[in-house]
Amino acid sequence: MQLPASFILQTRPLLGQEAFDCLVEALQQEPPVSIRLNRRRALPASGLLQVPVPWCADGYYLADRPTFTFDPLFHAGCYYVQEASSMFVEQALRRYVDRPVVMLDLCAAPGGKSTHARSLLPEGSLLVANEVMRNRSQVLAENLTKWGYPDVVVTNNDPADFTGLDAFFDVILTDVPCSGEGMFRKDPVAIDEWSPENVDVCWQRQRRILTDIWPCLRPGGLLVYSTCTYNTKEDEENVRWMMQEFGAEPLPLNVPVEWGITGSLLAASDLPVYRFLPHRTRGEGFFLTVLRKPDAGNMAEPYTTSVSRKPVKKNGGKSPQPVSKETLSAARQWLFAPDSFDLQAEGALITAIPHEQADRVAVLRQSLRVIQAGVELAEVKGKDLIPSHALAMSQSLRCDCFPTEETTYEQAIAYLRKESIVLSAEAPRGYVLLTYRDVPLGFVKNIGNRANNLYPQEWRIRSGYLPERLLLY
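The structure presented is a predicted model; accordingly, all values stated were derived computationally and were not measured.

> Hey, could you run me through the nonpolar core in this one?
Membership of the largest hydrophobic core comes to 42 residues, with the highest contact counts inside it found for Trp55, Phe88, Leu93, Met103, Leu253, Leu288 and Val290. The contacts of Leu288, once residues within four sequence positions are left out, are Phe88, Val89, Val224, Tyr225, Ser226, Leu253, Val273 and Tyr274. Counting 38 residues, the second-largest nonpolar core is a separate cluster that includes Leu126, Val128, Ile172 and Leu210.

> Hey, could you run me through unusual backbone geometry in this one?
Leaving glycine aside, a negative phi is the common case for residues, and trans is the common case for peptide bonds. Going from Ala109 to Pro110, the amide bond is cis rather than trans, its omega being 5 degrees. When you line up the elements, Pro110 lands in the loop between strand S5 (102-105) and helix H5 (112-120). The phi dihedral of Lys418 falls on the positive side, at around 60 degrees, and the residue is not glycine. Summarising the element assignment, Lys418 is placed in the loop between helix H13 (409-416) and strand S19 (430-436). A residue is classified by how much of its surface remains accessible, and Lys418, at 27% relative accessible area, is partly exposed. At Asp438, a position not held by glycine, the phi torsion is positive, near 70 degrees.

> Just checking my understanding: could you explain the sheet that holds strand S17 (residues 384-387) for this structure?
What holds strands together in a sheet is hydrogen bonding between their backbones, with the strands either parallel or antiparallel. The four strands lie next to each other as S13-S14-S16-S17, forming an open sheet whose pairing is antiparallel. Of all the strands in the sheet, the pair left with one neighbour each is strand S13 (341-346) and S17. With direction set aside, neighbouring strand axes in the sheet form an average angle of 25 degrees. One ladder, built from four bridges, connects strand S16 (residues 375-381) with S17; its direction is antiparallel. Opposite Lys381, over in S17, you have Asp384 as the bridge partner. Seen against the sheet, helix H10 (residues 325-332) touches S13, strand S14 (349-354), S16 and S17 and runs at an angle of roughly 130 degrees to S13.

Here is what the cut-offs are and how they apply
Residues numbered from 1 in each chain as written. Predicted model: local features only at pLDDT ≥ 70, side-chain atom pairs only at ≥ 80, totals over all residues. Heavy atoms only, no water. Core = buried A, V, L, I, M, F, W, Y, C linked by side-chain atoms within 4.5 Å. Buried < 20%, exposed > 50% of the residue type's maximum accessible area, 1.4 Å probe, protein only. Contact = heavy atoms within 4.5 Å. Helix = DSSP H or I, 4+ residues; strand = E, 2+ residues; numbered from the N terminus. Pairing = 2+ DSSP bridges. Axes fitted to C-alpha atoms, helices over the stretch in contact; angles between N-to-C directions.

Geometric values such as these leave the question of function open.
As structure tokens, then:
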């Protein structure tokens, strides 16, 4: 690996010669592979999950990297492949979030921190996961659908679009676009694109993002700021800027010494910031700090979120088409705890929104470009009510509403390639929920001689290749 000369000149004085040499040596090694389990999925036992990630209760290092694409349990949302350092967000949420909140993950794609946050937030919370790039927002929506929580909204907006949502969020995670120094080991393109000029562009853009989003955080609320850089311009200096500009109060986290996490690199600084360096921690470069908005006394009181109904701009699209009460009632029965949801029909699609979040979701729809919200239950086609794949992935699915068919590994892969499936002779006609190792995989419509595959076309496995080592579990 050939590091840019300017990066060496910038980073060596921050770390000191000995530590810098250790960093360079670490960057020549293979990056670790880590996953985070979905605690709400019933997983088979695995002898591969032997080394836990210290700062994440559900995180594990793997000895090597399996071909995750060909593991059906990966597609079923049983685990997420996530870089270990970024799992440190868990420490911020566990320390300071103990009541239901409305949380925004502002720069969320592809979804690692969003799926992690939703697993950690208390019951009754709402997560809004946003991505400004449209194609990346679709990937974000896919990953959150597979994770299976119903109280999630996915949006596709610029940070400036949120300005009408004054004091709407209790917690905002800003994993801001950065110069990517911490990704040098995993992404050679990050090395090619790095320059001091790009660092300057990044810290200025980061401040614009923070300026846009700060009014959306309620007084006493939390902002979690993170980057994947080593330099202090994008890290400590931005933290100091938020303290001076907004009156933000940095908050400490409990970090055992044995985790090997480094503090501030600024001389004579006691800022409670947390930096991951590959030669000291088993992971990539990462930086995180937690800041509280002034009026911290409110944090001792139960979280309250004022829901403004003043729209900034309305979504386009077709007006909702009428769906019969009988059809809505039939779809509602597919839900576990059906009375806790509001059912909404737009066009041919029926969606379930957790009742306690319906008002907030309505405000978000008025103000933002919403990609998905709640659980897509079904599509109405003539007299047919077709269950959606999102329902199969949802924690709110009432599984006993559908006959199930356990698949072999070969059948599961064929299904995920969106190929035709032949079920057993005992399988009933109609909609059948396929499972793999007792985990829901998706729906088919059994018509006897074959079953129509209802897996989303855009999610299918496109490769016909099968690796020698197939499975994680």
